[in-house]
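Inside the fold
Next come the chains, spelled out residue by residue.
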Amino acid sequence: MSTWAEQSLHGWGHYPVHGALVARPESPAEVAQALREHQGRGLLAYGLGRSYGDAPLLEGGQVLRTERLDRMLSFDDSTGWARIEAGVTVEDLARTFAPRGWFPPVVPGTWYVTAAGALANDIHGKNHHLDGTWADHVRRVELLTASGEVVVCDAEREPDLFWATVGGLGLTGLILSMEVRMVPIPGPYIEVETVKVRDLDHFFQVSAESGGYSHTVSWIDTTTRGRGMGRGHFMRGRWTAERPPAGLHLPRLTVPFDAPNALLNRATITLFNEAYYQRQRAARVRAITGYEPFFFPLDAVDGWNRAYGPRGFLQYQLVVPHDPERRAIRAVMEAVTRSGMASFLAVIKEFGDRIHPHLSFPRPGVTLAMDFPNRGRPLLDLFDRLDRIVLDAGGRLYLGKDARLSRDTFRAMYPEWEGWRALRDTWDPEGVFRSSLGRRLGLCKEDR
Amino acid sequence: MSTLILGATSRVASRVAHRYAAAGHDVVLAAIELEEAQALAADVRLRHQVKAVAIRFDATDFDAHPAVIAEAAQVLGGIDVALIAFGAMGDAARARQEFSAARQVIEINYSAAVSVAELLAAHMVARGKGTLIGIASVAGDRGRQSNYLYGSAKGALALYLQGLRNRLHKDGVHVLTVKPGFMDTRMTWGVDTGRVPVLSPEAAAEAIFRAAERGADVVYLPPFWRLIMGGIRAIPEALFKRMSL
């Protein structure tokens, strides 16, 4: 028998907070046992809670925390294939393999994500334009399906189930393990060039000129209107064996408590953006750094999400197709500045052309992610207005960041949803696997 | 250097294995679930690039103990550190009605620990060195109505380790008794511990590793439990028997 404990869970945005009966299996056998104890109110896996909204939550249902299913099972140092359990993290992989000349193929902006979460959200990183998403580097996914059967799937074996699981937000079954192919690196260092970008057009120009870099991302100031709109810092990097200068290491900071909401308001956010933009005076700065500050800058601040206060924050991440005039991106940024809301951190990047079916987020075009303190109704109204712009441009939102999208808008953004749902239902006809997000968007059985 | 972990698949035991492997020890991981021990061994090998071998170990199969210890000693080329981590809370209500259930709690937590400790003591005395670590419990510091059976077995183990420490001192073998309070494990998942903090297995493993390195005799995890149990032990029995703690 598993032990089930009442717990309140939330994602990285601290919004919403949902209660569930929670177990924490420590072996595949205990996961199977927990599935057998399913009580008909839904079951969902929860990793490290780095999805922002309600994708990892299941109000009133049963949730399995996967953090202790964290064993690395094998590694082939001639090919780079590593077989790992669901709860092994990007941190585990990076720390273990970077010193040996290997690195996870795709990493997000934090290393506190599990392998299963990476697959279920089909995460992307700064190398999407070259290397695609997490799913492009995975095979032999062991999935415990609703019937209790463990199905091994990948692009060759049971491809339908595999692609439904990629970006499938945990609604196709419980991921037990997978193989992920680590990539060889010349050394655990990154040669990074930071280009100061004057405006949106300049961003796209620099992006087009960055073909020689495997990793690109840009911080963008969303508080400036008019001529400087879209100014920011474009960071482009590639692996190198060259060591950074000695004596350079970043202090580790902690946000030990929920900051008062008033701390982050439009004025302080605008100030921050101005200071951050002016931080670099030269047009270009080249440096060698360790991989940590390049890939995971915010991990250096423990609990940075708590700086948004007890009401939490929401992230809005969109992708819109390429457009030489960048109308949608401009319209979004104008709507944000006009609303009086301000995004503390905003990131922009051009995706590559490799896409996956169903609910996987990336599409060719440009992605913009903005964090907003939770201001309640006015913020949600702004998001609704942004949805319209994104939808009209043929774009979509990242479900792993979402906490509020309407079902109709979602269906218009993801016309593939119906085919996905039908596939999901064939593997789970009783609707065992559910989530709060799935109920909201009509992706799973909805009774409460 | 080398470490044997008996009952390796508990979360605290597996973190101790990782801690010693991080310090360069080869490890043998002994547990009743061989497949789980093998997965853990793979994990230890991959993360720390040391030798890690899983062997099957059933605490209540006393006759098999000598072979298990001999195999571990052979695989490791001598055992420098041994952790006795297996144990079982048991079902207190059932143990009151069926002696077989009570006996199982006693055998796993006490008799089996004595059996392997004597074998390990002999091995370490012969080598003239070694560290033997036993995990007892704060529950063994005073009998309480809710878990006195488990507590009595763990209390007996603590007393046994105390005597063994005394006996082995002259042979250069060190015995460390660990008395954990609440740790974040299967045993405490879902238990309401009120305001009492719960120790992470990683922190527990670090504390055990350091206590063994500095040659401590008895450690409470976390250390404040020494004060709590000191207070609880100081309550006069005439009063204590009326209380429900």
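Up top you'll find the structure we're talking about.
A short tour of the structure in this document, coming up. (Residues numbered from 1 in each chain as written. Chains lettered and ligands numbered in written order. Predicted model: local features only at pLDDT ≥ 70, side-chain atom pairs only at ≥ 80, totals over all residues. Heavy atoms only, no water.)

**What to know about the overall build of chain A**
Helix and strand counts for chain A stand at 13 helices and 21 strands. For chain A, the C-alpha atoms occupy an extent of roughly 60 × 50 × 40 Å along the three principal directions. Counting all 448 residues of chain A, 61% fall into the buried class. For chain A, restricting intrachain contacts to residue pairs at least 6 apart in sequence, the fraction spanning at least 24 positions comes to 74%. Surface exposure of chain A reaches about 17300 Å², of which carbon and sulfur atoms provide 53%. (Helix = DSSP H or I, 4+ residues; strand = E, 2+ residues; numbered from the N terminus. Buried < 20%, exposed > 50% of the residue type's maximum accessible area, 1.4 Å probe, protein only. Contact = heavy atoms within 4.5 Å. Areas by Shrake-Rupley, 256 points an atom, 1.4 Å probe, with all protein chains shown as cover.)

**Notes on helix H6 (residues 200–208) of chain A**
Listed as buried for H6(A) are A:Leu200, A:His202, A:Phe203, A:Phe204, A:Val206 and A:Ser207. A distance of 3.3 Å separates the backbone nitrogen of A:Asp201 from a side-chain oxygen at the start of H6(A), and that oxygen is part of A:Asp199. (Polar contact = N/O pair within 3.5 Å; in protein donor to acceptor, adjacent residues only side chain to side chain.)

**Digging into the interface of chain A and chain B**
Contacts between chain A and chain B engage 23 residues on the former and 17 residues on the latter. When chain A packs against chain B, close to 1800 Å² is buried across both sides, 44% of that on carbon and sulfur atoms. On the chain A side of the interface with chain B, the three residues burying the most area are A:Arg24, A:Arg68 and A:Arg71, jointly 31% of the side's total. At the boundary of chain A with chain B, the tally comes to seven salt bridges. Where A:Asp92 meets B:Arg47, a salt bridge forms, and the shortest distance between an N and an O atom there is 3.1 Å. Linking chain A to chain B there are 14 residue pairs in polar contact (both at pLDDT 80 or more). Of all the elements in the fold, those that place two or more residues in the side of chain A that touches chain B are strand S1 (5–10), strand S2 (17–23), helix H1 (28–36), strand S5 (72–75) and helix H2 (90–97) of chain A. In terms of residues, the side of chain A that touches chain B owes the most to one element, S5(A), which gives four residues. (Buried area = accessible area lost by both parts, 1.4 Å probe. Salt bridge = Lys/Arg side-chain N within 4 Å of Asp/Glu carboxyl O.)

**Observations regarding empty space enclosed by the protein**
Under the definition given, this model contains three cavities of 30 Å³ or more. There is about 140 Å³ of room inside the largest cavity. If you trace the largest cavity, you find 14 residues lining it, with A:Glu26, A:Arg71, B:Thr9, B:Arg11 and B:Ser14 closest to the centre. When contributions to the lining of the largest cavity are tallied by element, the ones reaching two or more residues are helix H1 (11–22) and helix H2 (34–48) of chain B. A total of three residues in the lining of the largest cavity trace back to one element, the largest contributor, which is H1(B). (1 Å grid on protein atoms, 1.4 Å probe; cavity = no way out; pocket = protein on both sides within 12 Å on 5 of 7 lines; lining within 4 Å. Points joined across faces, edges and corners; volume = space filled by probe spheres on them.)

**Remarks on the pattern of salt bridges**
Going through the model one piece at a time under the given rule, you end up with 50 salt bridges over all chains. Here A:Glu191 and A:Arg286 are joined by a salt bridge, their closest N and O atoms 3.3 Å apart. Here the residue A:Glu191 occupies a position in strand S12 (residues 189–197), and A:Arg286 occupies one in strand S16 (residues 284–290), the gap between them amounting to 95 residues. Under the relative-accessibility criterion, A:Glu191 is labelled buried at 14%. One continuous salt-bridge network, built from bridges that share partners, spans A:Arg24, A:Glu26, A:Glu30, A:Arg68, B:Asp184 and B:Arg186.

**Here we look at helix H3 (residues 65–76) of chain B**
Residue and element names in this part refer to chain B. Between its first and last C-alpha, H3 extends 17 Å over 12 residues, near the 16 Å set by a 1.5 Å rise per residue. Of all the residues in H3, the buried ones are His65, Val68, Ile69, Ala72, Ala73 and Leu76. Looking down the long axis of H3, one finds its buried residues gathered within 130° of arc, a one-sided arrangement. Relative to its buried face, H3 has exposed residues pointing more than 90 degrees away, namely Ala67 and Gln74. The elements touched by buried residues of H3 are strand S1 (2–6), strand S2 (26–31), strand S3 (52–56) and helix H5 (99–127). A positive phi of about 65° marks glycine 77, the residue just after H3. (Expected span 1.5 Å × (residues − 1). Arc of directions from axis to C-beta.)

**Focus: the nonpolar core**
Core analysis: the largest hydrophobic core is formed by 113 residues, its most contacted members being A:Phe103, A:Leu119, A:Trp134, A:Tyr291 and A:Leu386. Excluding anything up to four places from it in sequence, A:Leu119 contacts A:Trp134, A:Ala135, A:Val138, A:Val141, A:Phe162, A:Thr165, A:Val166, A:Gly167, A:Ile175 and A:Met178. Membership of the second largest hydrophobic core comes to 36 residues, among which are B:Val12, B:Ala13, B:Leu83 and B:Phe209. (Core = buried A, V, L, I, M, F, W, Y, C linked by side-chain atoms within 4.5 Å.)

**Some points on the environment of A:Arg363**
Residues and elements named next belong to chain A. Tracing the chain through its elements places arginine 363 in the loop between strand S19 (346–351) and strand S20 (365–373). According to the relative accessible area criterion, arginine 363 is buried, its value standing at 15%. In this structure, the C-alpha to C-alpha distance between arginine 363 and leucine 386, residues 23 residues apart in sequence, is 18 Å. Excluding residues that lie within four positions of it along the chain, arginine 363 makes contacts with Val319, Phe351, Gly352, Ile355, His356, His358, Arg396 and Glu416. At 3.2 Å, the side chain of arginine 363 and the backbone oxygen of histidine 356 are in polar contact.

**Quick notes on the packing of H1(B) against H2(B)**
All names here are of chain B. Following both chains from N to C, one finds H1 and H2 inclined at 30°, their axes separated by 10 Å at the closest point. Between H1 and H2, the interaxial angle falls into the category roughly parallel. In the packing of H1 onto H2, the handedness of the crossing is right-handed. Touching Ser14, His18, Ala21 and Ala22 of H1 are Leu40, Asp43, Val44, Arg47 and His48, all from H2. For the contact of H1 with H2, the residue count by class is four nonpolar, three polar and two charged. (Axes fitted to C-alpha atoms, helices over the stretch in contact; angles between N-to-C directions. Parallel < 35°, antiparallel > 145°, perpendicular 65-115°, else oblique. Left-handed = near helix turned anticlockwise from the far one by under 90°. Nonpolar A, V, L, I, M, F, W, Y, C, P; charged D, E, K, R; others polar.)

**Let's talk about the packing of aromatic side chains**
Residue and element names in this part refer to chain A. This model, assessed by the stated rule, comprises 26 aromatic pairs over all chains. Geometrically, the ring pair formed by tyrosine 52 and phenylalanine 313 is edge-to-face, given 5.7 Å between the ring centres and 80° between the ring planes. Of this pair, tyrosine 52 sits in the loop between strand S3 (43–46) and strand S4 (62–65) while phenylalanine 313 sits in strand S18 (residues 313–320), placing them 261 residues apart in sequence. In terms of burial, tyrosine 52 and phenylalanine 313 fall into one category: buried. Here the aromatic rings of phenylalanine 162 and tryptophan 163 are separated by 4.8 Å at their centres, their planes lie at 70°, and the arrangement is edge-to-face. Here phenylalanine 162 falls in the buried class, since its relative accessible area comes to 1%. (Phe/Tyr/Trp six-rings, centres within 6.5 Å; stacked < 30°, edge-to-face > 60°.)

**Focus on the pairing of strand S9 (residues 150–153) of chain A**
All names here are of chain A. Only one face of S9 is covered, namely the one carrying Val151 and Cys153; the face carrying Val150 and Val152 has none of its residues buried. In this structure, strand S8 (residues 138–144) lies alongside S9, joined through four bridges in antiparallel fashion. Looking at S9, one finds that glutamate 142 is bridged to valine 152. Counted between consecutive antiparallel strands, the loop separating S8 from S9 contains five residues, among which glycine 148 sits at a positive phi close to 100°. (Pairing = 2+ DSSP bridges.)

Remember that the coordinates give geometry; whether it matters functionally is a separate question.
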